[in-house]
Amino acid sequence: MSDEEHHFESKADAGASKTYPQQAGTIRKNGYIVIKNRPCKVVEVSTSKTGKHGHAKCHFVAIDIFNGKKLEDIVPSSHNCDVPHVNRTDYQLIDISEDGFVSLLTETGGTKDDLRLPTDETLLAQIKDGFAEGKDLVVTVMSSMGEEQICALKDIGPK
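Residues numbered from 1 in each chain as written. Predicted model: local features only at pLDDT ≥ 70, side-chain atom pairs only at ≥ 80, totals over all residues. Heavy atoms only, no water.

## Points about the pattern of salt bridges
So, step 1. Inspection of every chain in the model, using the stated rule, returns 7 salt bridges.
So, step 2. K112 is paired through a salt bridge with D114; the nearest N and O atoms lie 3.4 Å apart.
So, step 3. The class of K112 is buried, set by a relative accessible area of 13%.
So, step 4. Notably, a salt bridge pairs K112 with E148, separated by 3.0 Å at the nearest N-O pair. (Salt bridge = Lys/Arg side-chain N within 4 Å of Asp/Glu carboxyl O. Buried < 20%, exposed > 50% of the residue type's maximum accessible area, 1.4 Å probe, protein only.)

## Things to note about the environment of D95
So, step 1. By the secondary structure assignment, D95 is in strand β7 (residues 86-96).
So, step 2. Remark: the alpha-carbon pair of D95 and F131, spanning 36 residues in sequence, is separated by 8.0 Å.
So, step 3. D95 has contacts with F101, V102, S103 and F131, leaving out every residue within four places of it along the chain. (Helix = DSSP H or I, 4+ residues; strand = E, 2+ residues; numbered from the N terminus. Contact = heavy atoms within 4.5 Å.)

## As for helix α1 (residues 121-132)
So, step 1. Its 12 residues place the ends of α1 16 Å apart at the C-alpha level, agreeing with the 16 Å of an ideal helix rising 1.5 Å per residue.
So, step 2. Looking at the residues trailing α1, positive phi occurs at G134, about 80 degrees. (Expected span 1.5 Å × (residues − 1).)

So, in structure tokens, the structure goes:
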């Protein structure tokens, strides 16, 4: 054996995968699935019977959780699908910058300044109006597969 030390260049975050496998037949409506490398929420599942040769198929209709696009996929029910890890975190809104980024207060007391305002018009208006009125706002940030976006808003009362 050699006495040399091996150095590994790793770009992964503690080996945590962005997705996990789940059998297609067990994925239900309101669950999550990866279609065309996009994390999606399942809105409809239909299962076809087994044909002359082979597998029952699951037909998934899902909506991308970040851009709202409708995607479809057909997978044999015995095969595995990728299911994204989806996390929701609440942050208190501190500031909205001129260029459309928000400044959020984390639970540890630090700030998170790398998030843009949401593209959803109604949510955007609620955040801007509430902030202008000086309300204490808590935003819910959904993160999955390396992407993050503000998806909800709560008013916790005046400052």
